[in-house]
Amino acid sequence: MKRETRQIKIDRRLTGSSIIDEPLQQVIQFAIRDYIQYWYYTLSNDESFLLEVRQTIQNALVQFATRSKEVDWQPYFTTRLVDDFATHLRVFRKAQQRIEDSRAKKDISEEFVETFFEVEVEMEREVCRDLICTSSKDEEAFLRDLCEILLYLILPPGDFHNKNMRYFLREILAKGIFLPLIDQLSDPDYVNQYIIWMIRDANCNYEAFLNIIKLSDKVMELEAVRDRAAEELQYLRSLDTAGDDISTIKNQINSLLFVKKICESRVQRLNSGKEIDTLKLATNFGKLCTIPLDSILMNNVALQFFMDYMQHTGGQAHLFFWLTVEGYRVTAQQQLDVLRSVHKDGERQSNQTKGLLRAAAVGVYDQYLSEKASPRVHVDANLVAKLAEKLNYEDPTPEIFDDVQRKVYDMMLKDEQFYPSFRQNALYVRMLAELDMLKDPSIRGSDDGDLESFNGSPTGSLNSSLDDLSNTSSEELLQLQVTISDTGVCNDHGKTYALYAITVQRRNPDGSEDIWKTYRRYSDFHDFHMRITEQFEHLSSFLKLPGKKTFNNMDKEFLEKRKKDLNTYLQLLINPEVIKACPALIPYVNYFLENKAYNKGKGDFARKMDTLVNPFRNSMRNVSNVVKSIPDSLAEGMTKVSDNMGKMSDKLGHEIKNTFLKVPPLKPEEGSEHIRVSAQLDDNVDDNIPLRVMLLLMDEVFDLKERNHWLRRNIKNLLQQLIRATYGDTINRKIVDHVDWMTSPEQVAETVKRFRDSFWPNGILAETAPCREKAVRMRSRVAAKTKMLMIMPDELKHIIGAETTRKGILRVFEMFQHNQLNRRLVYVFLEGLLETLFPQYKFRELFIKLHSRSQRMQKYKQKSQSTQIASSQKR
């Protein structure tokens with residue numbers, strides 16, 4: 001009996017978008033050809049089976065596409081995804097801390113993975129993924145179960161109940177798609193290459209590279225970099241060069257020799273086991289920089305260390321009083337300025353403002369200076385009495401606390417138990433490390449060393465010295481023409497730096513002209529710029545100096561670009577409108593352009609201090625930054641003051657209250673280290689959830705919970721201001737737009753095309769990539785670390801500290817260097833994706849059941865039950 005074959009019609013529509021369907025159909029065709037046809041044709045020539053398989057795959061894709069369109073992806077990308085990553089990082093950090101605490105007793109570094117999953121059980125409480133991450137057999141079984149469930153959801157009932165078809169597709173999905181993909185995503189070398197690719201547009205930074213080498217504790221990394229440097233040295237020495245190329249090659253050789261020497265020294269130190277603790281060495285033998293107290297009080301990073309010290313010595317009331325008065329002064333000045341600009345209903349506004357300011361001032365007095373204050377700031381009784389009299393009989397002014405505040409500052413500065421002892425404390429050394437003040441001297445190749453400028457022609461021929469410009473008037477200065485005519489590279493005692501020849505042309509009243517050249521380094525321009533912007537603050541709004549670059553800064557193209565940018569800077573500086581608007585600038589310009597050595601007004605340390613302090617000095621003048629930087633105790637005091645005046649619902653009153661209290665709301669943090677990160681969010685608070693989740697992620701990356709509450713509050717406020725300054729109050733809209741763009745047909749089509757081209761280049765199945773050599777993988781580790789450290793903005797370092805920033809970035813990098821831990825993260829993301837894609841099904845309960853096979857999970861449950869029984873018996 002012969003039955004006629006049934007015609008199978010294939011509908012090529014899959015997602016409803018032709019630009020996605022076309023490459024997706026090609027992927028299906030290639031997959032069937034390379035994974036099914038090659039063995040099927042040895043069994044049969046009947047095409048119906050292949051058509052049935054194709055139809056089944058397409059039906060599944062249609063179901064998947066339909067479900068994807070119905071999902072709101074914003075909560076997943078803005079909250080769930082970030083929370084999963086932050087919680088994974090929290091587990092990693094806690095496992096690191098547990099290992100470090102145990103190393104004093106015995107070396108258990110090989111048990112890190114086990115420790116990690118023990119911490120996961122304690123935090124998740126219902127799930128442990130150790131089996132699927134450490135046992136290939138259990139992982140395959142988990143994927144088979146998961147794929148069978150997915151097939152049940154997306155296949156037509158007839159296809160699913162066909163066991164042969166179901167098992168066939170299950171094996172293809174589990175062993176042919178999911179497992180290879182998870183293997184690749186979990187490979188630390190692949191992650192490192194992906195990091196390098198993601199940050200490919202960032203310029204390499206020589207200083208960041210050297211920092212990574214000096215901080216590396218992996219001998220294999222250092223040996224790989226050393227061997228590569230040796231190869232490059234051998235190649236450069238074999239070149240036959242002449243002319244201008246010689247100086248460039250010599251500079252490259254010197255840099256490579258320096259890198260090679262650092263690597264060898266570091267390897268020798270690690271092999272000998274004599275690792276040096278920089279902080280202890282600096283404390284015992286180092287010559288430490290002296291940072292003035294006023295600079296410490298204006299720098300968030302330095303201030304938190306001084307605050308910790310003052311709390312240990314019982315002097316925190318003095319410091320909090322000083323900070324509180326700063327906040328009060330700026331707030332009062334702002335409100336009085338607003339009051340002066342208000343014309344309508346001025347009398348009522350005036351009375352309310354004075355009433356609020358008086359309440360705030362009395363609150364500060366009661367909290368720190370009154371007899372009932374605890375702790376109380378003890379100062380001259382006469383000053384306190386005068387202040388009390390002013391509060392009772394005079395209108396409050398921004399300067400009402402100035403005399404007492406000045407006295408408290410002098411006490412902190414001169415009292416032996418405060419600032420003088422702080423400079424001898426280990427916290428001071430840690431503060432210097434966070435401020436990057438324990439770094440080595442400037443490295444070779446930097447254009448910002450501390451050598452004196454070379455003033456004179458490199459060839460030895462100089463134009464005759466002319467009269468200096470010290471007495472030049474503004475009219476004469478307007479007759480100047482200034483251009484950078486040439487650049488050169490000099491080498492002085494092993495230090496290489498760029499030199500810029502400035503040609504100055506002056507037209508005299510009698511019609512004659514004087515021409516001379518003076519030579520300046522970039523560090524001279526930098527010092528000069530800092531001098532004038534410090535003296536004339538308004539210049540910084542339009543006068544911008546080209547940024548530094550510490551790697552490849554002797555390259556010809558870069559020097560030409562720098563020359564062009566500095567020329568633009570000079571032309572703007574001597575612009576007639578600028579000179580007329582700021583005549584006091586003339587002596588500074590004159591001195592800089594004179595044909596003689598330029599003496600830096602600031603040493604290397606002073607320039608660093610200005611770089612650190614100036615942003616915060618400016619922010620101290622900014623009302624919102626200052627007032628939001630008050631300690632928790634003041635915020636609580638102001639809450640009481642404002643609550644007592646709750647009946648005053650005027651907008652001005654709300655502004656004062658909100659200014660003091662505006663911080664991202666979080667739930668109380670007791671025991672927060674043992675729960676998921678998102679569990680700290682208060683769902684009842686109507687606030688910017690993506691921002692709050694990002695701040696919690698920052699907490700985990702940089703371990704800010706170790707800091708005092710004042711610093712954490714300040715950091716969150718600064719980040720909040722930074723984001724809102726960038727996006728305004730529309731950050732949610734921006735995120736939604738970005739998610740819409742990521743899931744748009746065009747982007748999905750591009751993703752499918754990239755997948756197709758990577759798996760089937762030119763339509764041919766790609767061969768398995770050869771295993772990369774160990775030395776290459778080690779150099780990729782160094783490159784990835786350098787890239788990650790390099791993209792951190794200086795503003796972030798100023799907020800949380802350079803050392804904390806480095807540790808946080810390296811912690812994230814180290815987290816990605818464990819295959820089993822990466823697998824865990826991939827599975828967490830996959831579980832979150834499925835729970836979002838199929839919310840009507842109980843995927844969470846399913847995963848709990850699948851992961852319950854873990855013996856570690858079973859032991860934890862038994863231990864929890866025993867603890868509960870014991871506690872109930874005690875009751």
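Calculation rules
Residues numbered from 1 in each chain as written. Predicted model: local features only at pLDDT ≥ 70, side-chain atom pairs only at ≥ 80, totals over all residues. Heavy atoms only, no water. Helix = DSSP H or I, 4+ residues; strand = E, 2+ residues; numbered from the N terminus. Buried < 20%, exposed > 50% of the residue type's maximum accessible area, 1.4 Å probe, protein only. Contact = heavy atoms within 4.5 Å. Areas by Shrake-Rupley, 256 points an atom, 1.4 Å probe, with all protein chains shown as cover. Core = buried A, V, L, I, M, F, W, Y, C linked by side-chain atoms within 4.5 Å. Salt bridge = Lys/Arg side-chain N within 4 Å of Asp/Glu carboxyl O. Patch = residues over 30% accessible without salt bridge, like charges linked within 9 Å, V, L, I, M, F, W, Y side chains within 5 Å. Expected span 1.5 Å × (residues − 1). Polar contact = N/O pair within 3.5 Å; in protein donor to acceptor, adjacent residues only side chain to side chain. Phe/Tyr/Trp six-rings, centres within 6.5 Å; stacked < 30°, edge-to-face > 60°. Lys NZ or Arg CZ within 6 Å of the ring centre and 35° of its normal. pLDDT = per-residue confidence, 0-100.

## So, the overall build of the protein chain
- Helix and strand content of the protein chain: 40 helices and 3 strands.
- Each of the 875 residues in the protein chain was classed as buried or not, and the buried ones make up 46%.
- Considering only contacts in the protein chain between residues 6 or more positions apart, those separated by 24 or more positions represent 75%.
- As presented, the protein chain carries roughly 46400 Å² of accessible surface, and 51% of it is formed by carbon and sulfur atoms.

## With respect to unusual backbone geometry
- That bond from S374 to P375 is cis: its omega, -5 degrees, falls within 30 degrees of zero.
- Positioned with a positive phi, R125 is a non-glycine residue whose angle comes to about 70 degrees.
- Here R125 shows up in the loop between α4 (112–124) and α5 (130–134).
- Backbone geometry places N762, a non-glycine residue, at a positive phi of 60 degrees.
- You can see N762 is positioned in the loop between α34 (745–759) and α35 (774–790).

## Here we look at the nonpolar core
- Formed by 81 residues in total, the largest nonpolar core has its most connected members in F142, L143, F702, Y827, L834, F838 and F843.
- Filtering out sequence-adjacent residues up to four positions away, L143 remains in contact with A174, F178, L179, I182 and Y827.
- In this structure, F306, A360, A388 and M431 belong to the second largest nonpolar core, which totals 52 residues.

## Quick word on the side chain of R781
- Its location among the elements puts R781 in helix α35.
- Here R781 falls in the buried class, since its relative accessible area comes to 10%.
- Setting aside its immediate chain neighbours within four residues, R781 contacts N192, K218, E221, F813, E814 and Q817.

## A few points about the pattern of salt bridges
- Throughout the structure, instances matching the rule amount to 39 salt bridges.
- One salt bridge connects R406 with D403, and the closest N-O pair in it is separated by 3.2 Å. One end of the pair, R406, and the other, D403, are both in helix α19 (residues 402–414), 3 residues apart, so they sit about a helical turn from each other.
- Its relative accessible area of 41% is what places D403 among the partly exposed residues.

## Side note on a nonpolar patch on the surface
- Taken together, Y35, F755, F759 and L765 make up a surface patch of nonpolar side chains, about 340 Å² in accessible area.
- With respect to the helices and strands, F755 occurs in helix α34.

## Points about helix α6 (residues 136–154)
- With 19 residues, α6 extends 27 Å from end C-alpha to end C-alpha; this agrees with the ideal 27 Å at 1.5 Å per step.
- Along α6, the residues classified as buried are E139, F142, L143, L146, C147, L150, L151, L153 and I154.
- Looking at the buried positions of α6, the neighbouring elements they touch are α2 (48–70), α5, α7 (157–160), α8 (163–186), α38 (819–837) and α39 (843–851).

## Digging into α19
- Helix length check: α19 (13 residues) gives 18 Å between terminal C-alpha atoms against 18 Å at 1.5 Å per residue, within 8%.
- Of all the residues in α19, the buried ones are D402, V404, Q405, V408, Y409, M411 and M412.

## Remarks on the environment of W73
- Among the structural elements, W73 can be located in the loop between α2 and α3 (74–103).
- Each C-alpha atom, one on W73 and one on T836, is 8.0 Å from the other, the two residues being 763 residues apart in sequence.
- Once residues within four sequence positions are removed from consideration, W73 is found in contact with S68, V739, T743, L833, T836 and L837.
- Among the polar contacts listed, one links the side chain of W73 to the backbone oxygen of S68, at a separation of 3.2 Å.

## Let's talk about the packing of aromatic side chains
- A full pass over the atoms with the stated rule returns 31 aromatic pairs.
- Residues W73 and F77 carry aromatic rings whose centres are separated by 6.1 Å and whose planes lie at 50 degrees to one another, so their mutual orientation is tilted.
- Exposure remark for F77: the relative accessible area of 25% places this residue in the partly exposed category.
- Three or more aromatic residues joined by ring pairs make a cluster, and in this case those are W39, Y40, Y41, F49 and F168.
- A cation over an aromatic ring shows up here: R200 above the ring of W197, its NZ or CZ 4.2 Å from the ring centre.
- Over the ring of F592 we find R520; its NZ or CZ atom is 5.4 Å from the centre of that ring.

## What to know about the confidence of the model for the protein chain
- Averaged over all residues, the pLDDT of the protein chain is 76; the fraction at 70 or higher stands at 73%.
- Of all helices and strands in the protein chain, the one with the weakest mean pLDDT is helix α28 (residues 623–627) (33), whereas α38 scores best (94).
- Throughout residues 602–670 the model reports pLDDT below 50, and contacts reaching past four residues in sequence, or to other chains, amount to 141 contacts.
- Per-residue pLDDT stays below 50 along residues 683–687; that stretch engages in 6 contacts with residues further than four places along the chain or on separate chains.

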